[in-house]
Amino acid sequence: MAEIVLEGITKRYPDGAVAVKDVNLSVGDGEFVILVGPSGCGKSTTLNMIAGLEDITEGTLRIDGQVVNDKTPKDRDIAMVFQSYALYPHMSVRDNMGFALRLAKVDKATIREKVEEAARILDLTEHLDRKPANLSGGQRQRVAMGRAIVRDPKAFLMDEPLSNLDAKLRVQMRTQISRLQQRLGSTTIYVTHDQTEAMTLGDRVVVMRGGVVQQIGTPQHLYDQ
Ligand code: ADP
Ligand code: ADP
């Protein structure tokens, strides 16, 4: 679990484009924050800077009080879930979920235990020996989440995790993500352009536009008026 604090964060890409301008945001330990706004407003760039996938041009990023601007993604201990599942097609669900732990040389019994626990939480127990090609879109997205969960990261970052799913599955997955976050109690930052997700999923909503934070508030505060 972790507190994530952005102080005056700015991103200027090498071509000169300023994607994010002076963003200040404090995400509390265990909090579920939604970043919402139209395409191109800087949501993914913000998330990628927190994950360490993009350099921060200006400003300070702190995780649990420590400045992490120069830390590698691995040393930040934050898991990222993308809209494209990027599962390994030749590996079973079990092996996909345990992959990072195998790389980290975690012992087999522990990997098995962690993978099976994540599968229970995500309703994937019956699918552990299947290949990704034989799963539905929602199941694949859950495997991608399982792969993140097994590492016990300090925080989760999700970038439009549901946008490749059809409307019905999106509704089901919204419920599952809420349940999952409540159960794990982990700090989560979730990027979406979908108002319904913003209204229903998080503790707090951050509205971005043109690279700046336009509004921050609870879903009730922002949408029930
Ligand atoms: P969102 O996630 O809200 O759709 P992005 O963070 O992807 O927005 O993009 C914010 C802005 O930064 C956009 O104007 C986009 O074109 C620009 N941008 C994103 N990635 C790059 C890049 N690698 N180089 C230059 N500009 C980029
Ligand atoms: P999304 O809208 O889902 O955030 P995009 O399709 O805008 O994603 O961007 C996909 C990829 O293209 C990202 O890696 C992003 O960094 C890059 N990208 C986006 N805009 C630009 C841009 N103006 N110049 C260069 N790369 C860009």
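An unreviewed UniProt entry annotates the chain as ABC transporter ATP-binding protein originating from Streptomyces populi.

Enquirer: Provide a residue-level description of the sheet that holds strand β4 (residues 58-63), including the pertinent values.
Expert: Read from one edge of the open sheet, four strands run β2-β1-β4-β5, paired in antiparallel fashion. Single-partner strands in this sheet number two, and they are β2 (18-27) and β5 (66-67). Note: β4 against β5, two bridges, orientation antiparallel. What sits directly across from Ile63, in β5, is Gln66. Against the sheet, helix α1 (residues 43-51) touches β1 (4-12), β2 and β4, its axis set at about 120 degrees to β1.

Enquirer: I'd like a rundown of the site of ligand 1, residues and numbers included.
Expert: For ligand 1, the full set of nearby residues is Tyr13, Asp15, Ala19, Pro38, Ser39, Gly40, Cys41, Gly42, Lys43, Ser44 and Thr45. Contact between ligand 1 and Gly40: an oxygen atom at 2.7 Å from a main-chain N or O atom of the residue. Within the side chain of Lys43, an N or O atom sits 2.9 Å from an oxygen atom of ligand 1. In isolation ligand 1 has 560 Å² of accessible area, and contact with the protein removes 61% of it. Here the shell around ligand 1 gets three residues from one element, more than from any other, and that element is α1. Tallied by class, the residues present in the shell around ligand 1 amount to four nonpolar, five polar and two charged.

Enquirer: Please give an account of the site of ligand 2 that cites residues and values.
Expert: Near ligand 2 the following residues occur: Ser39, Ser44 and Gln83. Between an oxygen atom of ligand 2 and a side-chain N or O atom of Ser44, the distance comes to 3.1 Å. In isolation ligand 2 offers 560 Å² of accessible surface; the protein chains occlude 20% of this area.

Enquirer: Run through the pairing of strand β9 (residues 204-209), naming residues and quoting values.
Expert: Most of β9 sits inside the fold, with five of its six residues counted as buried. Relative to β9, strand β3 (residues 32-36) runs parallel, the two sharing four bridges. Along β9, the bridge assignment pairs Ile34 with Val205. In terms of strand pairing, β9 meets strand β10 (residues 212-217) through five bridges, oriented antiparallel. Bridging across to β10, Arg209 finds its partner in Val212.

Enquirer: Let's hear about the packing of aromatic side chains: which residues, and what values?
Expert: Here the structure, examined in full by the defined rule, presents two aromatic pairs. Consider the rings of Tyr88 and Phe99, whose centres lie 4.7 Å apart with planes at 50 degrees: the pair is tilted. Linking Tyr88 in the loop between β6 (78-81) and α3 (93-103) with Phe99 in helix α3, this pair joins segments that are eleven residues apart in sequence. According to the relative accessible area criterion, Tyr88 is partly exposed, its value standing at 32%. Note on Phe99: relative accessible area 22%, which makes it partly exposed.

Enquirer: Can you lay out the nonpolar core for me, pointing to particular residues and giving the numbers?
Expert: Within the largest apolar cluster, 39 residues are counted, with the highest numbers of intra-cluster contacts made by Ile34, Met97, Val143, Met145, Ile177 and Tyr190. When neighbours within four sequence positions are excluded, Ile34 is seen to be in contact with Tyr190, Thr192, Glu197, Ala198, Leu201, Gly202, Arg204, Val205 and Val206. Of all hydrophobic cores here, the second largest spans 28 residues; its members include Ala2, Ala19, Val20 and Val68.

Enquirer: Tell me about the packing of α3 against helix α5 (residues 137-149), and name the residues and values.
Expert: Axis separation between α3 and α5 bottoms out at 7 Å; the angle between their running directions is 35 degrees. Once α3 is placed against α5, the crossing between them reads as right-handed. Taking contact as the criterion, the partners of Val93, Asn96 and Met97 in α3 are, on α5, Val143, Gly146 and Arg147. Residues belonging to the contact of α3 with α5 are distributed by class as follows: three nonpolar, two polar and one charged.

Enquirer: Describe the environment of Val106, naming the residues involved and giving the relevant values.
Expert: Summarising the element assignment, Val106 is placed in the loop between α3 and α4 (108-121). Taking the relative accessible area as the measure of exposure, Val106 reaches 29% and is therefore partly exposed. Filtering out sequence-adjacent residues up to four positions away, Val106 remains in contact with Leu101 and Ile111.

Criteria and thresholds
Residues numbered from 1 in each chain as written. Chains lettered and ligands numbered in written order. Predicted model: local features only at pLDDT ≥ 70, side-chain atom pairs only at ≥ 80, totals over all residues. Heavy atoms only, no water. Pairing = 2+ DSSP bridges. Helix = DSSP H or I, 4+ residues; strand = E, 2+ residues; numbered from the N terminus. Contact = heavy atoms within 4.5 Å. Axes fitted to C-alpha atoms, helices over the stretch in contact; angles between N-to-C directions. Near = heavy atom within 4 Å. Polar contact = N/O pair within 3.5 Å; in protein donor to acceptor, adjacent residues only side chain to side chain. Areas by Shrake-Rupley, 256 points an atom, 1.4 Å probe, with all protein chains shown as cover. Nonpolar A, V, L, I, M, F, W, Y, C, P; charged D, E, K, R; others polar. Buried < 20%, exposed > 50% of the residue type's maximum accessible area, 1.4 Å probe, protein only. Phe/Tyr/Trp six-rings, centres within 6.5 Å; stacked < 30°, edge-to-face > 60°. Core = buried A, V, L, I, M, F, W, Y, C linked by side-chain atoms within 4.5 Å. Left-handed = near helix turned anticlockwise from the far one by under 90°.

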